[in-house]
Amino acid sequence: MAMFGQVFVKKGKYRIKGDFHHLAAHTPIRDADNAFSLCGVTNPRELTYIHSYGGEAVFFESLSRGTLLASRCEHHACECRGTTYLPFRIYCPDCLKRNRVIDVTDEAKRSARIYTFMVCERSGAFSLLEKPIKFINIAFDGIDTVLMSYLSLGEPRIGMEVVPIFKRRDPSYTILDLSWVPKGTPAEELKPGFEF
Ligand SMILES: [Zn+2]
């Protein structure tokens, strides 16, 4: 198997290296109830998709450093000035000006609680989370939106106090690097790679 495609940016442009599209041999699809007659072929292929984070990149980078970033509209003429967003929004949806990025790690550690939750015994395609997945919606003091994430330990209940954990070792640079555990969980119980 050739190397997966890799990307870096130089002078404001993507520079790509390696193969982004791997093909493998077709296999026949045959009808077991009809003398194994031919019905079609499989088309095995593997694609590497380039997903750009744009102005959200700082949020994902911060998770790998144990920091949770939100954003806030501070535009003087905005009717909704002061609204604080987590999930991180690059632009204010009311005045369309760029939001200020703010560090809310301490607020999250102090005040995060489960607003509501759902436990999923099955997942959608391509999910890397262990099942059952405990999806939680998290509310914070001073933040105007509710964050969707997942609980890594314990059983969720409404109002439960939780604290963030960050995958600081071998981060994936995706939202999976952020998870939550009940307040008071000892550090030695965290999953590999995660830290408070
Ligand atoms: Zn605004």
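Predicted model only: the values in this text are computed from it and were never measured. (Residues numbered from 1 in each chain as written. Predicted model: local features only at pLDDT ≥ 70, side-chain atom pairs only at ≥ 80, totals over all residues.)

1. Overview of the overall build of the chain
At step 1: A tally of regular secondary structure across the chain gives two helices and 15 strands.
At step 2: Taken over the C-alpha trace, the chain has a radius of gyration of 22 Å; the compact-globule value for 196 residues is 16 Å, which it surpasses by more than 25%.
At step 3: Viewed in the frame of its principal axes, the chain has a C-alpha envelope of about 70 × 45 × 35 Å.
At step 4: The buried share of the chain, taken over its 196 residues, is 18%. (Helix = DSSP H or I, 4+ residues; strand = E, 2+ residues; numbered from the N terminus. Rg over C-alpha atoms; globule rule 2.2 N^0.38 Å. Buried ≥ 20, exposed ≤ 12 C-beta atoms within 10 Å, placed from the backbone.)

2. As for the environment of His75
At step 1: By the element assignment, His75 lies in the loop between strand S7 (69-72) and strand S8 (84-85).
At step 2: Remark: the alpha-carbon pair of His75 and Arg98, spanning 23 residues in sequence, is separated by 8.4 Å.
At step 3: His75 has contacts with Arg81, Cys92, Cys95 and Lys97, leaving out every residue within four places of it along the chain. (Contact = placed C-beta atoms within 7 Å.)

3. A look at the sheet that holds strand S12 (residues 147-150)
At step 1: The strand order across the open sheet formed by three strands is S10-S11-S12, and the pairing between neighbours is antiparallel. Here the strands that pair on one side only, and so sit at the sheet edges, are strand S10 (113-120) and S12. Across the sheet, the mean angle from the axis of one strand to that of its neighbour is 25°, orientation sign disregarded.
At step 2: Pairing between S10 and strand S11 (residues 133-139): seven bridges, direction antiparallel. Paired with Met118 across the two strands is Phe135, which belongs to S11. (Pairing = 2+ DSSP bridges. Axes fitted to C-alpha atoms, helices over the stretch in contact; angles between N-to-C directions.)

4. Considering the pairing of strand S1 (residues 6-10)
At step 1: With zero of five residues buried, S1 is to be regarded as a mostly surface element.
At step 2: Bridge count for S1 against strand S2 (residues 13-17) is five bridges, and the pairing is antiparallel. In the sheet register, Lys10 faces S2, and the bridge partner there is Lys13.
At step 3: If you look at the hairpin formed by S1 and S2, you'll find two residues sitting between the two strands, and Lys11 has a positive phi there, around 50°.

5. What about the sheet that holds strand S13 (residues 162-167)?
At step 1: The sheet built from three strands is open, its strands ordered S14-S13-S15 with antiparallel pairing. Single-partner strands in this sheet number two, and they are strand S14 (178-182) and strand S15 (194-195).
At step 2: When S13 meets S15, the two strands line up antiparallel, connected through two bridges. Note that in S15 the partner of Lys167 across the bridge is Phe194.

6. Concerning the nonpolar core
At step 1: With 24 residues, the main nonpolar core has Ala70, Leu86, Val104, Ile138, Phe140, Val162 and Trp180 as its most contacted residues.
At step 2: Looking at this core, the elements that each hand over two or more residues are helix H1 (57-63), S11, S13 and S14.
At step 3: Excluding anything up to four places from it in sequence, Ala70 contacts Thr84, Tyr85, Leu86, Phe88, Ile102, Val104 and Ile143. (Core = buried A, V, L, I, M, F, W, Y, C linked by C-beta atoms within 7 Å.)

7. Looking at the environment of Val7
At step 1: Structurally, the position occupied by Val7 is in strand S1.
At step 2: C-beta crowding within 10 Å serves as the criterion here: with 14 such atoms nearby, Val7 is assigned to the partly exposed category.
At step 3: Setting aside residues up to four positions removed in sequence, Val7 forms contacts with Tyr14, Ile16 and Ile50.

8. Considerations on unusual backbone geometry
At step 1: In this structure, the amide linkage connecting Leu86 to the following residue, Pro87, adopts the cis form with an omega of 10°.
At step 2: Checked against the element boundaries, Pro87 lands in the loop between S8 and strand S9 (100-103).
At step 3: The step from Lys131 to Pro132 runs through a cis peptide bond, and the omega angle for that step is -5°.
At step 4: With respect to the helices, strands and loops of the structure, Pro132 is situated in the loop between S10 and S11.

These results come straight from atomic positions and should not be treated as a statement about function.
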